[in-house]
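Residues per chain are reported as follows:
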Amino acid sequence: MKEFEPRIIAFCCHYCALAAADVAGKMEFQFPPSVRVIRVLCTGKVEILHLLKALEAGADGVVVIGCKFGECYFREGNYRAQKKVERAKSLLEEVGIEQGRLRFDFVPGPGAKKFAAILSTMTEELKALGPNPLRS
Amino acid sequence: MIVGERKPFSEILSMVEGDSKILILGCGSCVTVCMAGGEEEVKILGSQLRMAFRRNGNNAEVTELVALRQCDDEYLEDTPLIEKVKDADIVISMACGVGVQHASTFFNRVIDDKTIRVVPALNTTFMGANIDVGEWHERCLGCGDCVLEKTGGICPITRCAKSLLNGPCGGSFNGKCEVNKDTDCAWHLIIERLEALGELDNLKKIEMYKDWRPSHSGGPRKTVREDMKI
Ligand code: SF4
Ligand code: SF4
């Protein structure tokens, strides 16, 4: 049987995570091919509904990756994103979907290594959780 | 504005048990502003319901709509909306309690081939003001006989835990209420405001007991403007 490769949607801040993704690609830091990157101008723009809809549509995990706290280009976007992820987690728990399918994290500007590490860790965690139960 | 909070999901889920066509109807006014029952919240509840149904192998269909106001016929008199309501087994209203009741009465008046079930998704909490992003505080109890002109524009009925008309009580401490240390003592605020206004003399007048008949204690109230009626 083919090994389960979790599908991850990664909402990436244009100013840090996206740059890190680029560098990661160029420096050949491996991150799982099943990750789909969605560029956002700031993680503060990611709404709770985006997170829920991604899971409703069958993603196995959703991660929002922004700048380090204190370094957001729009000052507080990453704080907002972190809070929205927390709220979305509690909404998911209400419907019986594991909170571990959602995650907020950050990378420093050129943090290609950390970017790849976040996605690899999340992939391993999702493999342990198994596929999104909504897909079965 | 009217402030509300969404009920726990499990409570909403139990209201729609056994229904296969569910319409979620948001309200585009007060509860949109307090982020409890507007378009965004309708979509979030819709998404949660679909996910919960899919987990349980339930094929129920969820439709999402928003009326600009649910407390006024004018915004419910919409043929596509009425058709959707007719088609649904149950309507989950995300308006305040006023909207839920009004929508239920309206739909049952205009639709005669079936009785429409309308249930609330929110707990309506109070009439209040937006104090900070994501924060609302209660400001008026609708007592029917406003006294704000005597109290520097700060309501002792609502904001004093004991609704004192001649405050403060002995429990006021460092500007905070003895009932809850996070709440400002309304009478402390009133005295500060009256001082700034040069109206401290107001405090020398003893307010007699309040006539509560114009309040809800006299039963449900109504306002009629005869000049507007034909
Ligand atoms: S139904 Fe309630 S929430 Fe909607 S506009 Fe009327 S008072 Fe406001
Ligand atoms: S005095 Fe009565 S009407 Fe005036 S703000 Fe207070 S509760 Fe509302």
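Residues numbered from 1 in each chain as written. Chains lettered and ligands numbered in written order. Predicted model: local features only at pLDDT ≥ 70, side-chain atom pairs only at ≥ 80, totals over all residues. Heavy atoms only, no water.

(A) Region of interest: the confidence of the model for chain A. Of the residues in chain A, 99% reach a pLDDT of 70 or more, and the chain-wide mean stands at 93. When mean pLDDT is compared element by element in chain A, helix α2 (residues 48-56) of chain A scores highest at 98, while helix α1 (residues 17-26) of chain A scores lowest at 85. (pLDDT = per-residue confidence, 0-100. Helix = DSSP H or I, 4+ residues; strand = E, 2+ residues; numbered from the N terminus.)

(B) Representation of the layout of surface pockets in the model. In this structure, the largest pocket occupies an estimated 930 Å³ of space. In this structure, the largest pocket is lined by 24 residues; those nearest its centre are A:R87, B:C34, B:M35, B:G134 and B:W136. Breaking the lining of the largest pocket down by element, the ones donating at least two residues are α3 (77-94) of chain A together with β1 (2-6), α3 (39-55) and β7 (135-140) of chain B. It is α3(A) that contributes the most residues to the lining of the largest pocket, 5 residues altogether. Among the residues making up the lining of the largest pocket, the classes are represented as 11 nonpolar, 2 polar and 11 charged. (1 Å grid on protein atoms, 1.4 Å probe; cavity = no way out; pocket = protein on both sides within 12 Å on 5 of 7 lines; lining within 4 Å. Points joined across faces, edges and corners; volume = space filled by probe spheres on them. Nonpolar A, V, L, I, M, F, W, Y, C, P; charged D, E, K, R; others polar.)

(C) Region of the structure containing the side chain of A:D60. Residues and elements named next belong to chain A. Tracing the chain through its elements places D60 in the loop between α2 and β3 (61-66). Here R7 takes part through its backbone nitrogen, which lies 2.7 Å from a polar atom of the side chain of D60. Excluding anything up to four places from it in sequence, D60 contacts F4, E5, P6, R7, L55, R101, L126, P131, N132 and R135. (Polar contact = N/O pair within 3.5 Å; in protein donor to acceptor, adjacent residues only side chain to side chain. Contact = heavy atoms within 4.5 Å.)

(D) Up close: the pattern of salt bridges. Scanning the model with the defined rule gives 28 salt bridges over all chains in all. The salt bridge involving B:D19 is made with B:R117; its shortest N-O contact spans 2.6 Å. One end of the pair, B:D19, is in the loop between α1 (9-15) and β2 (21-27); the other, B:R117, is in the loop between α6 (97-110) and β5 (118-120), and 98 residues separate them in sequence. Linking B:R213 and B:D211 is a salt bridge whose minimum nitrogen-to-oxygen distance equals 3.0 Å. By relative accessible area, B:D211 is classed as partly exposed at 32%. One connected set of salt bridges, linked through shared partners, spans A:E3, A:E5, A:E124 and A:K127. (Salt bridge = Lys/Arg side-chain N within 4 Å of Asp/Glu carboxyl O. Buried < 20%, exposed > 50% of the residue type's maximum accessible area, 1.4 Å probe, protein only.)

(E) A look at the domain arrangement of chain B. According to the domain assignment, chain B contains domain 1 (2-127) and domain 2 (141-204). Computed from C-alpha atoms alone, the centre-to-centre distance between domain 1 of chain B and domain 2 of chain B is 38 Å. (Domains from an automatic or database assignment.)

(F) Structural detail: the nonpolar core. Grouped together as the largest cluster of nonpolar side chains are 52 residues, with contacts concentrated most on A:L51, A:V62, B:L45, B:L49 and B:I92. Leave out the neighbours within four places in its chain, and A:L51 touches A:F11, A:V46, A:V62, A:V64, A:K84, A:V85, A:A88 and A:L102. Of all hydrophobic cores here, the second largest spans 20 residues; its members include A:A17, A:V107, A:A112 and A:M122. (Core = buried A, V, L, I, M, F, W, Y, C linked by side-chain atoms within 4.5 Å.)

(G) Focus on the site of ligand 1. Neighbouring ligand 1 are the residues B:I2, B:C27, B:S29, B:C30, B:V31, B:R69, B:Q70, B:C71, B:A95, B:C96 and B:G99. Classifying every residue of the shell around ligand 1 by side-chain character gives 7 nonpolar, 3 polar and 1 charged. (Near = heavy atom within 4 Å.)

(H) Here's a closer look at the sheet that holds strand β6 (residues 122-132) of chain B. Residue and element names in this part refer to chain B. Within the open sheet, the 3 strands sit side by side as β1-β6-β7. Their pairing is antiparallel. The two strands at the open ends of the sheet, each matched to only one other strand, are β1 and β7. Going from strand to strand, the sheet's axes swing by 70° on average, the running direction of each strand aside. Bridge analysis of β1 against β6 gives 5 bridges, and the strand direction is antiparallel. Each bridged residue has a counterpart across the sheet, and for G4 the counterpart in β6 is T124. (Pairing = 2+ DSSP bridges. Axes fitted to C-alpha atoms, helices over the stretch in contact; angles between N-to-C directions.)

(I) Broad picture of the site of ligand 2. Around ligand 2 sit B:C140, B:L141, B:G142, B:C143, B:C146, B:V147, B:L148, B:C155, B:I157 and B:T158, and that is every residue in its neighbourhood. Residue classes in the shell around ligand 2 are distributed as 8 nonpolar, 2 polar and no charged.

(J) Region of interest: unusual backbone geometry. Residues B:G167 and B:P168 are joined by a peptide bond in cis, for which omega reads -5°. Within the secondary structure, B:P168 sits in the loop between α7 (156-159) and α8 (186-197). The residue A:R75 is not glycine, and still its phi comes out positive at about 70°. Looking at the secondary structure, you find A:R75 in the loop between β3 and α3. Assessed through its relative accessible area of 71%, A:R75 is described here as exposed. The phi dihedral of B:S163 falls on the positive side, at around 50°, and the residue is not glycine. The class of B:S163 is partly exposed, set by a relative accessible area of 23%.

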